[in-house]
Amino acid sequence: MDQYTLPDMPYDYGELAPHINAEIMELHHSKHHKAYVDGANTAMDKLSESRVQRDFSTVNMLEKNLAFNLGGHLNHTVFWNNMSPDGGGEPEGALKTALDTHFGGFDAFREQFTASALGIQGSGWSILAWDTLGQRPYICQLYDHQGNLPTGQVPLLMIDMWEHAFYLQYRNVKPDYVKAWWEVVNWQDVAARFEGASRTQGLITP
């Protein structure tokens, strides 16, 4: 069975500084993200053993572990690429048009997304997602790594609001972290995800 692997970073750990410092990025990627990759592989191996042995007494726990750790792996993979040393500013083209149409302009979108991120209770993510049923972008919160996100949603832009993403630099001042994060958002990556998601029809049908 193929194993999940920790992806390489698309930039050096220190390249997002001063907005997000190198120490946070290295710990976040090499320790936290790696732990989710390892956890997903362990859950997959144990599920495979359960099928061989026809013993499904722990399958519920294993499936929950897989969902949590695979969610952490997938979310972080998007998160790294959603940022760039050359990021910041505002989106252009079709993505800008979509934000204008569905959120009343970039400023309104940014304010709503920021409020969503700062309103997360505990650990989680704020996400600009593409709704494959409604064929539109919307903002949602994701608790932990996998809780309360509807099926069939494609993440376009994600901010990690777990404390390990910011605490070493920003302590408990979450607004400063979110403000700094906007300076490294990779709108080219978000636009590419938007283009791919919006071209995909029929994933979820009424």
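Residues numbered from 1 in each chain as written. Predicted model: local features only at pLDDT ≥ 70, side-chain atom pairs only at ≥ 80, totals over all residues. Heavy atoms only, no water.

1. Overview of the sheet that holds strand β2 (residues 136–143)
For clarity, the cut-off: Paired strands are those between which DSSP finds at least two bridges. Secondary structure elements are taken from DSSP: a helix is a run of H or I of four residues or more, a strand is a run of E of two residues or more, and numbering for both begins at the N terminus. With axes taken as lines fitted to C-alpha atoms, and helix axes fitted only over the stretch in contact, angles between N-to-C directions fall between 0 and 180 degrees. Should any heavy atoms of two residues lie within 4.5 Å, those residues are counted as being in contact.
With respect to topology, three strands assemble into an open sheet ordered β2-β1-β3, the strand pairing being antiparallel. The sheet is open, and its two edges are formed by β2 and β3 (153–160), each paired on a single side. The sheet shows a mean angle of 25° between the axes of neighbouring strands, direction not considered. As paired elements, strand β1 (residues 124–131) and β2 share eight bridges and run antiparallel to each other. The residue bridging alanine 129 from the neighbouring strand is tyrosine 138, located in β2. Where helix α3 (residues 93–103) meets the sheet, it contacts β1 and β2, and its direction lies at approximately 80° from that of β2.

2. Side note on the UniProt feature "binding site: Mn(2+)" (unreviewed entry) in the chain
As a reminder, the rule being used: UniProt positions are given in the numbering used here, feature names are shortened, and annotations may be inferred rather than shown by experiment. As used in this structure description, the phrase polar contact means that two N or O atoms lie within 3.5 Å; if the pair is within protein, one of them must be able to donate a hydrogen and the other to accept it, and residues adjacent in sequence are counted only when both atoms belong to side chains.
Annotation from UniProt places "binding site: Mn(2+)" (unreviewed entry) at His28, His76, Asp160 and His164. Considering the C-alpha atoms alone, the annotated residues occupy 137 residues of sequence yet fold into one spot, their largest mutual distance being 12.3 Å. Mapped onto the fold, histidine 76 is located in helix α2 (residues 59–81). Reaching out from histidine 76, the side chain makes a polar contact with the backbone oxygen of glycine 72 at a distance of 2.6 Å. Mapped onto the secondary structure, histidine 164 falls in the loop between β3 and α5 (167–170).

3. Focus: the domain arrangement of the chain
Note on interface size: it is often stated as the accessible area lost on association of the parts. Quick note on the threshold: A domain assignment, automatic or from a database, supplies the domain bounds used here. Once two parts are joined, some of their accessible surface, as seen by a 1.4 Å probe, is lost; buried area is that loss totalled over both. Basically, the charged four are Asp, Glu, Lys and Arg, the nonpolar ten are Ala, Val, Leu, Ile, Met, Phe, Trp, Tyr, Cys and Pro, and anything else, Gly included, counts as polar.
Each assigned domain of the chain is listed with its residue range as follows: domain 1 (22–82) and domain 2 (93–199). Between the C-alpha centres of domain 1 and domain 2 there is a distance of 22 Å. With 17 residues of domain 1 at the interface, the matching set in domain 2 holds 25 residues. Summing the contributions of domain 1 and of domain 2, the shared interface buries around 1600 Å²; its carbon and sulfur component is 62%. If you look at where domain 1 meets domain 2, you find eleven residue pairs in polar contact (both at pLDDT 80 or more). Among the elements of the structure, α1 (22–53) and α2 are those that each provide at least two residues to the side of domain 1 that touches domain 2. Looking at the side of domain 1 that touches domain 2, the element that brings in the most residues is α2, giving ten residues. Taken together, the residues of the side of domain 1 that touches domain 2 sort by class into seven nonpolar, nine polar and one charged.

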